[in-house]
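Descriptive analysis of the structure
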Amino acid sequence: MEPNSITLINSHDLALVAPAIVLGVSALIVLLVDLFSMKLGRSVLPLLTLGGLGLALIVHVTTGYRGAEFEIAFDGCLRFDRMTYIAQIVILSLTLFLTLVSPLYLIRRRIPRGEYYVLIMFAALAMMVLSASNELLTLFINLELLSFCLYILTGIEQGNLRSTEAAFKYFTIGSYAAAFLLFGMTMVYGATGATHFDEIRVILASGSLGGALGGNSLFLAGGFALMLVGFGFKLTLAPFHMYAPDVYAGAPTPVAGLIATGSKVAAVTAFFAIFELMIAWGDLPAGVYYALYGVVVLSIIFGNLGALVQPNIKRLLAYSGVSHSGYFMIPLLAVMTSPELMDKAELAVTYYLLAYGVMTVLAFGVATTLGPEGERDIDRYAGLARRSPVLAAAMALALLSMTGVPITVGFVGKFRLFAVAVDAGLYPLAIFALLASVASAYYYLRVVVKMYMEEPPAEAEPIPLEGSNALALLAGVVCIFLFAVLPALVV
Amino acid sequence: MELLFQGNLVLSAIIFAIGAFGFLWKRNAIGIFLCIELMLNACALAFLTLSQAMGRPEGVAVFIFIISVAAAEAGIGLALFIKIFNEKETIDADSLSMLRD
């Protein structure tokens, strides 16, 4: 890989990013249609968005990565392997799902529709490229593009103070985290003299750091630590998770769903690439391992404790997301102790990307469909099974899957994550995670019990279900079972 | 040359630290935002310095992109602060406390 050589853009590279190009072009079309259409024409926007996302998904599945070990594009700036391929399918499907459930929600809350759909598509584009990025600058730019879209989407609601406050918190803390990430990148660049991951990996493996700061390995370790902090904010790992519940609670529900699932899936994939660099460095200080260990334990503890007492459904899902981020990192710890488990860990994380994405987005999909009722107190879910059996069943299934009940994706996913830890001999960690996940049943099942065992409020009426929402929820429910019964369909 | 190199890196670390601690200290939204800009620009300075010291071009490219990212961030941030001011008549961060456990 010669980064300084000038390569013409070739068809091989373009084919690999074709889905992202389709997304970008259709986002611009939506922007133009919104600009030139009168009020009536706005109802066509969701259809255009669905068309763009669907086309991108078809293009991705038909032309993308072909099962080789990995493929490199654009002079090594992008790298497509199995994990990226599946993460991109998950990202496109999640965005498609949220687009299907949100039209009615947007009208009820008077959210400007044109801007909403355009930003959703640009966010999906950024996530796609972020999950494939293989170079420091590419990673940073796409992370920022994704974050900017999400900041605006969080505060998109006019005259809603909660939405504005959530946007303010997300913007300031997200930018703060991005600055730490960037400073970490500076130090890695200074120590190795390269920004391409492939090059950095070779330099680290060779043992002699070539950069201007290469003489002192403290700079490299500090760089990786700062990048861990930056990603910790993005992945809502404790102790950097404090903003997540507030942001999820204030943001419009489908946007909260996108922040919780899509952006986390993309960030985990990008972080895994950084992690591979750390592993390549033979002299990685033990401190990094203990720091990550502490972050995992804290995330699982804080996530579960926070969710235990939470009366608000979106905050509960935020805290549960914190603990799931902790589970995501368990195979990484296993690889740090026994590097030969790399393949198995990669498979486990890839599978959990899909499992986590499906079950979390399904829960947010139900909350979106319920509208204003579904996004506040869990008490509002009392007797939901009487009012809308479909919604109650979908929510119950999502929550049971998060608990890890057998024959759901959540069970298979957690099983694979913990199995890697057991293989590496990390028994205390595996047992701790298992116990935490048993304890989590308390707060997930609390909602299920409310929906099925309690009486609905006296004035409550049955809840009608729109066709597109029903379709999306059905697809989510099918995925929860399908990928649990046939994990071989994924990885 | 060596002195300039080290001086620049130390300066960038100091600017970054001022931004990082200022962020925690400031209560006004504009102040918070300026601290974030300081941090980004400290990184830009470090990238330029390192790029020159090592004779490699990537740092300059990163520098240009940091400037444009900071500009885009300023656009979003200021629009958001105007929205906050319209709804609350103040941009003090402590006044935003509706969302909490």
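Quick note: structure is the one above.
Overview of the structure. Since the model is a prediction, treat every value here as computed from it, not as a measurement. (Residues numbered from 1 in each chain as written. Chains lettered and ligands numbered in written order. Predicted model: local features only at pLDDT ≥ 70, side-chain atom pairs only at ≥ 80, totals over all residues. Heavy atoms only, no water.)

1. Some remarks on helix H19 (residues 427-439) of chain A
All names here are of chain A. For clarity, the threshold we go by: By definition, any uninterrupted DSSP run of H or I lasting at least four residues is a helix, any uninterrupted run of E lasting at least two residues is a strand, and each is numbered from the N terminus. Under the convention used throughout, the expected extent of a helix is 1.5 Å for every residue step, that is, one less than its residue count. The rule is simple: take the accessible area with a 1.4 Å probe, protein chains only, and divide by the maximum for that residue type; under 20% is buried, over 50% is exposed, in between is partly exposed. Our arc is simply the arc of the directions from the helix axis toward the C-beta atoms. Throughout, a contact is declared for two residues whenever any of their heavy atoms are within 4.5 Å.
With 13 residues, H19 should cover 18 Å at 1.5 Å per step; its first-to-last C-alpha distance of 18 Å lies within 8% of that length. Restricting attention to buried positions, one finds in H19 the residues Leu429, Ala430, Ala433, Ala436 and Ser437. Buried residues of H19, viewed axially, fall in a sector of 130°; they line one side. In H19, the exposed positions that point more than 90 degrees away from the buried face belong to Pro428, Ile431, Leu435 and Val438. Tucked into the core, H19 has its buried residues touching helix H13 (286-308), helix H14 (313-337), helix H17 (389-403), helix H18 (409-423) and helix H20 (441-453).

2. As for H17 of chain A
Residues and elements named next belong to chain A. With 15 residues, H17 ought to run about 21 Å at 1.5 Å a step, and its terminal C-alpha atoms sit 21 Å apart, in line with that. Residues Leu391, Ala392, Ala394, Met395, Ala396, Leu397, Ala398, Leu399, Ser401, Met402 and Thr403 constitute the buried set of H17. Just beyond H17, the residue with positive phi is glycine 404, at close to 100°.

3. Here's the deal with the packing of aromatic side chains
Residues and elements named next belong to chain A. As a reminder, the rule being used: Side-chain rings of Phe, Tyr and Trp, where Trp is taken by its six-membered ring, are said to pair if the distance between their centres is within 6.5 Å; with planes under 30 degrees apart they count as stacked, over 60 as edge-to-face, and otherwise as tilted.
Counted by the stated rule, this structure contains 26 aromatic pairs over all chains. The interplanar angle of 90° and the centroid separation of 5.0 Å between the aromatic rings of tyrosine 176 and phenylalanine 180 together place this pair among those described as edge-to-face. Taken together, the residues span about one helical turn, with tyrosine 176 and phenylalanine 180 both in helix H7 (residues 161-192) at a distance of four residues. Accessibility classification places tyrosine 176 together with phenylalanine 180 in one group, the buried group. Aromatic pair phenylalanine 224 and tryptophan 281: ring centres 6.3 Å apart, planes at 45°, arrangement tilted. Taken together, the residues span a long stretch of sequence, with phenylalanine 224 in helix H9 (residues 217-234) and tryptophan 281 in the loop between helix H12 (262-280) and H13 at a distance of 57 residues.

4. A few points about the interface of chain B and chain A
The line we're drawing: In the sections that follow, a salt bridge refers to a side-chain nitrogen of Lys or Arg positioned within 4 Å of a carboxyl oxygen of Asp or Glu. Polar contacts here mean pairs of N or O atoms no more than 3.5 Å apart (in protein, one a potential hydrogen donor and the other a potential acceptor; neighbouring residues in sequence count only if both atoms are side-chain atoms). Think of it as three bins: nonpolar holds Ala, Val, Leu, Ile, Met, Phe, Trp, Tyr, Cys and Pro, charged holds Asp, Glu, Lys and Arg, and polar takes everything else, Gly as well.
Between chain B and chain A, the residue contacts involve 47 residues of the former and 48 residues of the latter. Between chain B and chain A we count one salt bridge in total. The partner of arginine 56 of chain B in a salt bridge is glutamate 199 of chain A, with the nearest N and O atoms 3.2 Å apart. On the surface where chain B and chain A come into contact, there are eleven residue pairs in polar contact (both at pLDDT 80 or more). When residues of the side of chain B that touches chain A are assigned to their parent elements, the largest contribution, 17 residues, is made by helix H3 (residues 58-88) of chain B. Looking at the side of chain B that touches chain A, its residues break down into 34 nonpolar, five polar and eight charged.

5. What about a nonpolar patch on the surface?
Residues and elements named next belong to chain A. The condition is simple: Patches here are clusters of residues that have more than 30% relative accessible area and form no salt bridge, with a 9 Å joining cutoff for like charges and a 5 Å cutoff for nonpolar side chains (Val, Leu, Ile, Met, Phe, Trp, Tyr). Accessible surface is estimated by sampling points in the Shrake-Rupley manner with a 1.4 Å probe; for residues, cover comes only from the protein chains shown.
On the surface, Leu298, Ile301, Phe302, Leu305, Leu308, Val309 and Tyr442 cluster together into a nonpolar patch covering about 630 Å² of accessible area. No other element matches H13, which puts five residues into the nonpolar patch. Within the secondary structure, phenylalanine 302 is located in helix H13.

6. Observations regarding the pairing of strand E1 (residues 70-73) of chain A
Residues and elements named next belong to chain A. Rules: Whether two strands pair depends on DSSP finding at least two bridges between them.
In this sheet, strand E2 (residues 78-81) lies alongside E1 in antiparallel orientation, the contact comprising four bridges. Following the sheet pairing, alanine 73 is matched in E2 by leucine 78. As consecutive antiparallel partners, E1 and E2 are separated by four residues, and within that stretch phenylalanine 74 has a phi angle of approximately 50°, a positive value.

7. Some details on the packing of helix H15 (residues 342-370) of chain A against H17 of chain A
Residues and elements named next belong to chain A. Where we set the bar: In this analysis, axes come from line fits to C-alpha atoms, helices being fitted only over the stretch in contact, and the angle between any two N-to-C directions falls in the range 0 to 180 degrees. Orientation labels follow simple angle bins: below 35 degrees gives roughly parallel, above 145 gives roughly antiparallel, 65 to 115 gives roughly perpendicular, and whatever is left gives oblique. Helix crossings fall into two classes, left-handed where the near helix is turned counterclockwise from the far one by less than a right angle and right-handed where it is turned clockwise.
Packing of H15 against H17 leaves a shortest axis separation of 8 Å and a crossing angle of 150°. Put simply, H15 runs roughly antiparallel to H17. Seen from above, H15 lies across H17 with left-handed handedness. Counted together, Met359, Thr360, Leu362, Ala363, Val366, Thr369 and Leu370 of H15 and Leu391, Ala394, Met395, Ala398, Ser401 and Met402 of H17 form the full contact between these two elements.

8. Brief notes about the pattern of salt bridges
Counting across every chain of the model gives 14 salt bridges over all chains. Between glutamate 157 of chain A and arginine 109 of chain A there is a salt bridge, with its nearest N and O atoms 2.9 Å apart. Highlighted residues: glutamate 157 of chain A in the loop between helix H6 (136-154) and H7 and arginine 109 of chain A in helix H4 (residues 103-109), separated in sequence by 48 residues. Here glutamate 157 of chain A matches arginine 109 of chain A in class, with each residue buried. Here glutamate 87 of chain B makes a salt bridge to lysine 83 of chain B, at a shortest N to O gap of 3.6 Å. Of this pair, glutamate 87 of chain B and lysine 83 of chain B both sit in helix H3, four residues apart, which is roughly one turn of the helix. On the basis of relative accessibility, which here comes to 14%, the residue lysine 83 of chain B falls in the buried class.

9. Description of the environment of glutamate 199 of chain A
Residue and element names in this part refer to chain A. Positionally, glutamate 199 belongs in helix H8 (residues 197-206). Accessibility expressed as a relative area gives 18% for glutamate 199, which makes it buried. Measuring from C-alpha to C-alpha, the distance between glutamate 199 and proline 487 comes to 34 Å, with 288 residues separating the pair along the chain.

10. Some words on unusual backbone geometry
Glycine aside, residues mostly have negative phi angles, and peptide bonds mostly take the trans form. A cis amide bond, omega 0°, links alanine 238 of chain A with the succeeding residue proline 239 of chain A. Of note, the phi angle at phenylalanine 74 of chain A is positive, near 50°, even though the residue is not glycine. Along the chain, phenylalanine 74 of chain A turns up in the loop between E1 and E2. In this structure phenylalanine 74 of chain A comes out as partly exposed when scored by relative accessible area, which is 26%. At glutamate 89 of chain B, a position not held by glycine, the phi torsion is positive, near 65°. Tracing the backbone shows glutamate 89 of chain B in the segment after H3.

11. Points about empty space enclosed by the protein
Residues and elements named next belong to chain A. Using the following cut-off: Only protein atoms enter the 1 Å grid used here, on which a cavity is any set of points holding a 1.4 Å probe that cannot leave and a pocket is any open set flanked by protein within 12 Å on both sides along at least five of seven lines; residues with an atom within 4 Å of a point are listed as lining. Grid points are joined across faces, edges and corners, and a volume is the space filled by probe spheres set on the points.
All chains considered together, the criterion is met by five cavities of 30 Å³ or more. As a volume, the largest cavity reaches approximately 130 Å³. If you trace the largest cavity, you find 14 residues lining it, with Arg79, Asp81, Thr84, Ala273 and Glu276 closest to the centre. In terms of residue count, the dominant contributor to the lining of the largest cavity is H12 (four residues). Roughly 100 Å³ of internal volume is contained in the second largest cavity. Taken together, 13 residues form the lining of the second largest cavity, with Leu146, Leu150, Tyr170, Lys234 and Ser263 sitting closest to its centre. Elements supplying a minimum of two residues to the lining of the second largest cavity: H6, helix H10 (243-250) and H12.

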